[in-house]
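Secondary and tertiary structure notes
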Amino acid sequence: MRRSAGSWTLQSTLQRHGLGPVAGVDEAGRGACAGPLVVAACVLRPGDAKRLDGLTDSKLLTPAAREQYFTLITRWAQDHCVVVIPPEEVDRRGVHVANIEGMRRAVAGLTARPGYVLTDGFPVRGFGSPALAVPKGDQVAACVAAASVLAKVTRDRIMVALHGEFPQYGFAEHKGYCTSVHDAALVEHGPSRVHRYSFVNVRAARGDDVAADVAALEAAAAVGLPTALVHNGSLAVGLSEVGAEGGMEP
């Protein structure tokens, strides 16, 4: 199917072949060094394309538009589930494993088992249903875009609330991503309890010896990988092509 066919085409095709309901899954906060990882699963009603006209990747929407779509999606979606994974679990499991497990939990939390699951970018097993990885899924499949909106708005609200408790970090503005402003605040104030201590810049701000991590960064740079930070000393993670709100695909 061609991208030009529209973001409802893939879901509609699967449903026509008896593979519905179709759930889209996406996350927010994978590339952040503070705050939770939030994963959402969403099933849209086949007839709601007009009601949700313009729905796309949450990172491409304005904050106001995201809030509007969030209201529409939670009101009209056939089913949805949002899972919030705290920083300590991200540290314990690793960001990629926590993300995959969060996707499984979000799908398992749906009221009815989906007939098919669409994920954004990379394949995931263990849903108990057939699944397909869709490159740029949040721009191609409406149900994945809906999941991205649910995840991002939920996480942004959490980070704004955390700003009230930790105003020195500016969470309300950068939402915990590794911006220059956030890194400067980390150096000045040290990390908080909501930072992810498995990230190099957080450990360095705490005063840990990160020589091994620096070596990993240099190794990543040598093969052309983004080197904004290294998670668990081995996985290179950088900025998304949209901006500072995301990370490199695993």
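Residues numbered from 1 in each chain as written. Predicted model: local features only at pLDDT ≥ 70, side-chain atom pairs only at ≥ 80, totals over all residues. Heavy atoms only, no water.

Some points on the overall build of the protein chain
Within the protein chain, the regular secondary structure consists of 10 helices and 7 strands. For the protein chain, buried positions account for 52% of its 250 residues. Of all intrachain contacts in the protein chain linking residues separated by at least 6 positions in sequence, the fraction that spans at least 24 positions is 61%. Within the structure as shown, the protein chain displays about 11100 Å² of accessible surface, and the carbon and sulfur contribution to it stands at 54%. (Helix = DSSP H or I, 4+ residues; strand = E, 2+ residues; numbered from the N terminus. Buried < 20%, exposed > 50% of the residue type's maximum accessible area, 1.4 Å probe, protein only. Contact = heavy atoms within 4.5 Å. Areas by Shrake-Rupley, 256 points an atom, 1.4 Å probe, with all protein chains shown as cover.)

Brief notes about the environment of Lys175
Assignment of secondary structure puts Lys175 in the loop between α7 (171-174) and α8 (180-189). The class for Lys175 is buried, based on a relative accessible area of 13%. Along the sequence, Lys175 and Cys33 sit 142 residues apart, while their C-alpha atoms lie 9.5 Å from each other. If sequence neighbours within four positions are ignored, Lys175 has contacts with Ala32, Ala34, Arg155, Asp156, Met159, Val160 and Gly170. Within the structure, the side chain of Lys175 is placed 2.6 Å from the backbone oxygen of Ala172, a separation counted as a polar contact. (Polar contact = N/O pair within 3.5 Å; in protein donor to acceptor, adjacent residues only side chain to side chain.)

Quick word on the side chain of Arg155
Following the sequence through the fold, Arg155 ends up in helix α6 (residues 142-165). As a buried residue without a salt bridge, Arg155 has its nearest oppositely charged side chain in Asp156, at a separation of 5.1 Å. Of note is the side chain of Arg155, whose polar atom sits 2.6 Å from the backbone oxygen of Ala34. Those residues in contact with Arg155 that lie beyond four places of it in its chain are Ala28, Gly29, Ala32, Ala34, Gly35, Pro36, Val38, Lys175, Tyr177 and Arg196. (Lys, Arg positive; Asp, Glu negative; His and termini not counted. Salt bridge = Lys/Arg side-chain N within 4 Å of Asp/Glu carboxyl O.)

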